[in-house]
Amino acid sequence: MGPTRAQFVQYAPAALAVVPLVAGPWSALAAAAAGAGAWAVNVSAPVLRSLIGCGFTATGCGIAAHEVLAAGGNPLIALGLAVPAGAAALAHHRNITGHTPALVPATTGAVAAVGLTSQEQLITAYWKEFISGPTQTEDRKLIQPGANLEHLAIEADDDHVSFTGIITLPQGQQVRVRASDIASVYRVPVSQVDLGDPKHYAPNALPVTVHLKVPAAQPQIAAGTPTTPEEVWAAYVGVPEGAMPGTTLTVTRYDGPLDWEGIATRDRRAIGTVNLQDLAGNLELETIQIALAPGDKPSQMGVRVMREHALMHGTMLSSVLDELSMDSRGYVRAGTYVDGRAALLPLAQPGSGARHLYLVGGSRSGKSGLLEQILLSAHRSGIAVVLASPQAGTIAGAHLAAHCGDGLDEAMGALRLAYAMMLDREARYRSPAFPFTDPLVLVVIDEAHMLLSASSPHHLEAKAIVEQLTRRSLKRGIGVVLATQTPLAEDLGNSTVIRSQLLIGGGAVFLRCAKGQGSLVGANAVEGAEGIDLSMIPSQWPGQYAKVSNRDMSGLATEAAATPEDGTFGLGYLLTPGSQAVQFRSLHLDVAPASLAGGQPPVGIEDCDAWRERDAITQTPMVDKRGKNLIGSLADLLAAAQGAPSSQEAPHHPGGPQAIAGSSRPGAPGVAAGAPDGQELIKPRILELLREQSIPMTAETIARKLGTSAKNIKPRLSELKKRDEVTNENGLWRAA
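Residues numbered from 1 in each chain as written. Predicted model: local features only at pLDDT ≥ 70, side-chain atom pairs only at ≥ 80, totals over all residues. Heavy atoms only, no water.

Scanning the protein for helices and strands turns up 24 helices and 22 strands. In the protein, which comprises 736 residues, the proportion classed as buried is 47%. Taking contacts inside the protein between residues at least 6 apart in sequence as the whole, the part at least 24 apart equals 63%. Summed over its atoms, the accessible surface of the protein is roughly 35,400 Å², and 54% of this surface lies on carbon and sulfur atoms. (Helix = DSSP H or I, 4+ residues; strand = E, 2+ residues; numbered from the N terminus. Buried < 20%, exposed > 50% of the residue type's maximum accessible area, 1.4 Å probe, protein only. Contact = heavy atoms within 4.5 Å. Areas by Shrake-Rupley, 256 points an atom, 1.4 Å probe, with all protein chains shown as cover.)

Our next topic: the nonpolar core. In this structure, Met244, Leu279, Ile445, Leu482 and Phe510 are the most contacted members of the largest nonpolar core, which totals 88 residues. Per-element accounting of this core gives the leading share, eleven residues, to helix 13 (residues 408-428). Those residues in contact with Leu279 that sit more than four places away from it in its chain are Trp233, Val237, Ala243, Met244, Ile290 and Leu292. Of all hydrophobic cores here, the second largest spans 32 residues; its members include Leu345, Ile374, Ala378 and Ile395. (Core = buried A, V, L, I, M, F, W, Y, C linked by side-chain atoms within 4.5 Å.)

Moving on: the pattern of salt bridges. Scanning all chains against the criterion turns up 24 salt bridges. A salt bridge links Asp636 to Lys705; the nearest nitrogen and oxygen atoms lie 3.4 Å apart. Here Lys705 lies in helix 23 (residues 699-706) and Asp636 lies in helix 20 (residues 634-641), a separation of 69 residues in the sequence. By relative accessible area, Lys705 is classed as buried at 2%. The network of salt bridges with shared partners includes Arg253, Asp255, Asp259, Glu261 and Arg304. (Salt bridge = Lys/Arg side-chain N within 4 Å of Asp/Glu carboxyl O.)

Aromatic rings considered in pairs are described by the distance between their centres and by the relative angle of their planes. Tallying each qualifying case throughout the model produces four aromatic pairs. Summarising the aromatic geometry, the rings of Tyr126 and Phe130 are spaced 6.3 Å apart at their centres and angled 10° between planes, so their arrangement reads as stacked. Residue Tyr126 and its partner Phe130 are located together in helix 8 (residues 116-132), separated by four residues, close to a single helical turn. A ring pair is formed by Tyr126 and Tyr186, whose centres lie 6.4 Å apart and whose planes are at 70°; its orientation type is edge-to-face. Here Tyr186 lies in helix 9 (residues 179-186) and Tyr126 lies in helix 8, a separation of 60 residues in the sequence. Like Tyr186, Tyr126 is buried. Grouping aromatic residues by their ring pairs yields a cluster made of Tyr126, Phe130, Phe163 and Tyr186. The ring of Phe569 is capped by Arg585, whose NZ or CZ atom sits 5.4 Å from the centre of that ring. (Phe/Tyr/Trp six-rings, centres within 6.5 Å; stacked < 30°, edge-to-face > 60°. Lys NZ or Arg CZ within 6 Å of the ring centre and 35° of its normal.)

One open sheet holds the four strands; their spatial order is 5-6-8-7, and the pairing between them is antiparallel. Only two strands of the sheet have a single neighbouring strand rather than two, namely strand 5 (247-254) and strand 7 (290-294). Across this sheet, the average inter-strand angle for adjacent strands is 25°, counted without regard to direction. Both strand 5 and strand 6 (residues 260-266) contribute to a ladder of seven bridges, which runs antiparallel. Paired with Thr250 across the bridge in strand 6 is Ile263. Its contacts with the sheet put helix 10 (residues 229-237) on strand 5, strand 6 and strand 8 (300-305), and the angle it makes with strand 5 is roughly 160°. Helix 11 (residues 276-283) rests against strand 7 and strand 8 of the sheet, and its axis sits at about 125° to strand 7. (Pairing = 2+ DSSP bridges. Axes fitted to C-alpha atoms, helices over the stretch in contact; angles between N-to-C directions.)

Moving on to helix 9. Within helix 9, six of the eight residues are buried, which leaves it mostly tucked inside the rest of the structure. Within helix 9, the full set of buried residues consists of Ala179, Asp181, Ile182, Ala183, Val185 and Tyr186.

Next up on the list: the pairing of strand 2 (residues 161-168). With seven bridges joining them, strand 1 (residues 148-156) and strand 2 adopt antiparallel strand pairing. Bridging from a neighbouring strand, Ala153 pairs with Thr164 of strand 2. Pairing of strand 2 with strand 4 (residues 205-213), which is carried by eight bridges, proceeds in the antiparallel orientation. Bridged to Gly165 within strand 4 is Val208.

Where helix 15 (residues 459-472) meets helix 16 (residues 496-504), the closest approach of the two axes is 9 Å, and the angle between their N-to-C directions is 30°. With respect to helix 16, the axis of helix 15 lies roughly parallel. Viewed along their axes, helix 15 and helix 16 form a crossing whose handedness is left-handed. Counting all contacts with helix 15, which are made through Lys463, Val466, Glu467, Thr470 and Arg471, the residues of helix 16 involved are Val497, Ile498, Gln501 and Leu502. (Parallel < 35°, antiparallel > 145°, perpendicular 65-115°, else oblique. Left-handed = near helix turned anticlockwise from the far one by under 90°.)

Strand order across the open sheet formed by ten strands is 10-9-20-19-18-13-17-16-14-15, with mixed pairing between neighbours. Edge positions in the open sheet fall to strand 10 (342-346) and strand 15 (403-406), since each of these has one partner strand only. Each strand of the sheet is rotated relative to its neighbour by a mean of 25°, with strand direction disregarded. As defined by bridge partners, strand 9 (residues 331-337) adjoins strand 10 across five bridges and the pair is classed as antiparallel. Within strand 10, the position partnered with Arg333 by the bridge is Leu344.

As a further point, take unusual backbone geometry. Positioned with a positive phi, His151 is a non-glycine residue whose angle comes to about 55°. Tracing the backbone through its elements, the reader meets His151 in strand 1. Positive phi values are uncommon outside glycine, yet Asn494 reaches one of about 55°. Tracing the backbone through its elements, the reader meets Asn494 in the loop between strand 17 (478-484) and helix 16. The exposure class assigned to Asn494 is exposed, which follows from its relative accessible area of 51%.

What follows is the structure, given as structure tokens:
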């Protein structure tokens, strides 16, 4: 390939300076060729005049030197005539310094030194030279041939120079030019190049803005005072009494003292739990202005400081309708992370079953809105819902549920139905892997503390049912969404089983709680959310109190709608399996979620015994008067619901229940004499019952079916377990 335009203009004078020594009168032809070439490549007028002047000087010197040599004169005189040609070349090089700058127009100040037309020419020249072509040399590859810069516009003032344009390609092609490519061409930081989001523009047309020169980022402050984030961090945060002692800060993005990001690092030691309130005090900021993002290494943690919180304006529900349905991995859109990424919640796990969700949030935190959003996502994803809402009338989308228990007693009935559905599916599906022939089911329990706390009249039964659901339901395609007002253990009936199973089997959402009730440390610690205090999430954004004080006495605006800026509802932390809790905000309900269901009926539950007998099941207590011995089989549950003894108490013994009862008498046929209660035959009968029923049973249920007492059954079960003939899981026995 030939020389580039800039190379031609710079090196043509040097050629003119050498020509007089060898070419003589031919130097006139060389000068003319250089001038014509400069005009052809469309250089600016000052450069062209300088090149013509250099050509005249070199031509005269060349002719004179040739005449001296032809007349036999002293060669030193001919050599001396070349000096003016060299001086003319040097003068030309100085003349073009302001018109063909190096590849840093923003730092040399050359762009601001010329007129608007010259700036456009220079910017376009570099774009074609390195990005779009057609100019290309052998040792350099264009970034994307044909990616032209159209609609170029330049803005310039004393301390700022930038240009905008549209990267355009023929129809059917896609823009592949990256911000880093443009930054390397114009020698500016990547942060000074803004490319449009490809999702909002055509693939072959992408807007671009490049800031060639920007104002100084940091103001001048008196010497000795910490000014940069690194200095402030070292002075107040990394010191022994600071919020993160022993750490150093590396800033990765800086757009002012109240808008930067960085990574805090502690040398070969874990950072551990960070008190966000103490960190805000060290940096003289409000707590809401800081977000932490734990990384993969325990010795590092991401830090973000925001002038205006990134989630203050929220994400509208109506703008992400296509993301509310469950994707192929089982996730739905729940909101937006603080870094702008979509926040996703798991509702199912392909090939495995359903997922649980633990939701914590006090009054006006956005908990009910997120539950309505989950109901809509389940409806759009073909997931059936059993809703238990002890506080009647609080869920606007309750009609999207296949069964709704609205009120305290009705909510308890919904839990009984959910447990019956699990027993029904366990009886119908022998394999541990759920084959998904029936729809996924979400058991949504709002205000769960009203059912599980020790003060609830349904405390013992609700606790027993929820423990079994969280332990056993996932493989049967039944997930539990449990919502409480605080993360305190008493809200879950002081059951460590419920919380641990919820967190193991799915994700967790933590929203604002009342003061003193939101700490996730100590007894309420949650792995992945260490050190978070939910009561530190403010109810208002900074500056909102002053806004409220400006009273409007014109009357109540009955048609006014809440905006995301009116409060921090929905702001909290999202914890998904295998990750750290990250700050996010749920979607802003600019439209009622239930109105987006399209008038379709709720997703139905399969036709099965538990569903057909749901009215009786919801009214049937499943524990005894002491709150123990939860019914362990579908047959016993249906028998209790029908108000009759189970038909399976002794279905496989010749002679019926009387024969079983009589077989315990000494001297009965087939029983060894002197064996009290027929213990010699209890173990075979236990195995026969467990193998034919193929459902887990408690020892009490086995004893009742065999017509004997539990004290005779339990030792035999232990003996069978030692021989690996039966297994015991959480008090439920089954054949091995």
